[in-house]
Amino acid sequence: MIGKCDECGMENVEVMSIKKANSDKEITLCNQCRPADGAYAY
């Protein structure tokens with residue numbers, strides 16, 4: 001989805017809502033700020 005990144009503040013970028021592992025809080029991160037994990041780790 002297109003939105004604003006909570007980490008770097010960029011707007012109108014492709015973002016993904018991620019639930020933090022140790023809490024129920026959801027944050028929205030763009031592709032650059034999102035941690036590389038699982039099959040998406042390059």
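Before reading further, recall that the structure is shown in the block above.
Residues numbered from 1 in each chain as written. Predicted model: local features only at pLDDT ≥ 70, side-chain atom pairs only at ≥ 80, totals over all residues. Heavy atoms only, no water.

**Student:** With reference to specific residues and values, describe the sheet that holds strand β1 (residues 2–3).
**Tutor:** With antiparallel pairing, three strands are arranged side by side in an open sheet as β1-β2-β3. In this open sheet, the two edge strands, each paired with only one partner strand, are β1 and β3 (26–30). Sheet analysis places β1 next to strand β2 (residues 13–19), joined by two bridges and oriented antiparallel. Bridging from a neighbouring strand, I2 pairs with E14 of β2. (Pairing = 2+ DSSP bridges. Helix = DSSP H or I, 4+ residues; strand = E, 2+ residues; numbered from the N terminus.)

**Student:** Tell me about the pairing of β2, and please be specific about residues and values.
**Tutor:** Inspection of the sheet shows β2 paired to β3 by five bridges, in the antiparallel sense. Bridge pairing in β3 links M16 to L29.

**Student:** Describe unusual backbone geometry, listing the residues and the values that go with them.
**Tutor:** One non-glycine residue, N12, lies in positive phi territory at about 60°. By the element assignment, N12 lies in the loop between β1 and β2.

**Student:** Kindly report on the nonpolar core, identifying the contributing residues and their values.
**Tutor:** Membership of the largest hydrophobic core is limited to six residues, which are C5, V13, V15, I27, L29 and C30. For this core, the secondary-structure elements that each account for two or more residues are β2 and β3. Here this core takes three residues from β3, the largest share from any one element. Here V15 is in contact with M1, I2, G3, K4, C5, T28, L29 and C30, once residues within four sequence places are set aside. (Core = buried A, V, L, I, M, F, W, Y, C linked by side-chain atoms within 4.5 Å. Buried < 20%, exposed > 50% of the residue type's maximum accessible area, 1.4 Å probe, protein only. Contact = heavy atoms within 4.5 Å.)

Function-wise, these values are silent; they only describe arrangement.
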